[in-house]
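Listed below, chain by chain, are the residues.
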Amino acid sequence: MLKRIIFFILLLSAFAHNLYASHIVGGDVTYKYIGSSGSSSVYEITIIIYQDCQNGQPSAIQDDYPVYLAIYDAATK
């Protein structure tokens with residue numbers, strides 16, 4: 001049984017390749033109260049995302065994709 005496990009590990013390592021990935025390394029979400037408009041409050045929301053641009057794949061760095069943000073009220077669901 002141990003010989004089979006070792007053989008399987010060696011077989012898998014023969015097909016191993018180097019993989020490179022780009023990741024979001026952090027970010028900030030901030031909001032600022034602007035005022036009220038009728039019965040609604042108005043906020044300015046800023047989202048900043050930090051990516052690993054130096055060590056990852058250049059094709060993984062994307063600046064033109066939209067960010068979706070949803071805000072829910074726990075009281076009204």
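Below, the structure is looked at part by part. Please read all numbers here as calculations on a predicted model, not as lab measurements.

## Some words on the packing of aromatic side chains
1) Next: Counting across every chain of the model gives two aromatic pairs.
2) Next: Taking the centre distance of 5.9 Å and the plane angle of 70° together, the rings of Tyr31 and Tyr43 count as edge-to-face. Residue Tyr31 is located in strand 1 (residues 24-37), and its partner Tyr43 is located in strand 2 (residues 40-51); the two are separated by 12 residues in the primary sequence.
3) Next: The exposure class of Tyr31 is exposed, given its relative accessible area of 64%.
4) Next: An angle of 65° between the planes, with centres 5.4 Å apart, marks the rings of Tyr33 and Tyr43 as edge-to-face. You can see Tyr33 sitting in strand 1 and its partner Tyr43 sitting in strand 2, a full 10 residues away along the chain.
5) Next: Relative accessible area serves as the criterion here: at 45%, Tyr33 is assigned to the partly exposed category.
6) Next: Looking at Tyr43, the relative accessible area reads 45%, which means it is partly exposed.
7) Next: Three or more aromatic residues joined by ring pairs make a cluster, and in this case those are Tyr31, Tyr33 and Tyr43.

## Points about helix 1 (residues 2-14)
1) Next: Across its 13 residues, helix 1 extends 18 Å between first and last C-alpha, which sits within 8% of the 18 Å expected from 1.5 Å per residue.
2) Next: With zero of its 13 residues buried, helix 1 lies for the most part at the surface.

The rules behind these values
Residues numbered from 1 in each chain as written. Predicted model: local features only at pLDDT ≥ 70, side-chain atom pairs only at ≥ 80, totals over all residues. Heavy atoms only, no water. Phe/Tyr/Trp six-rings, centres within 6.5 Å; stacked < 30°, edge-to-face > 60°. Helix = DSSP H or I, 4+ residues; strand = E, 2+ residues; numbered from the N terminus. Buried < 20%, exposed > 50% of the residue type's maximum accessible area, 1.4 Å probe, protein only. Expected span 1.5 Å × (residues − 1).

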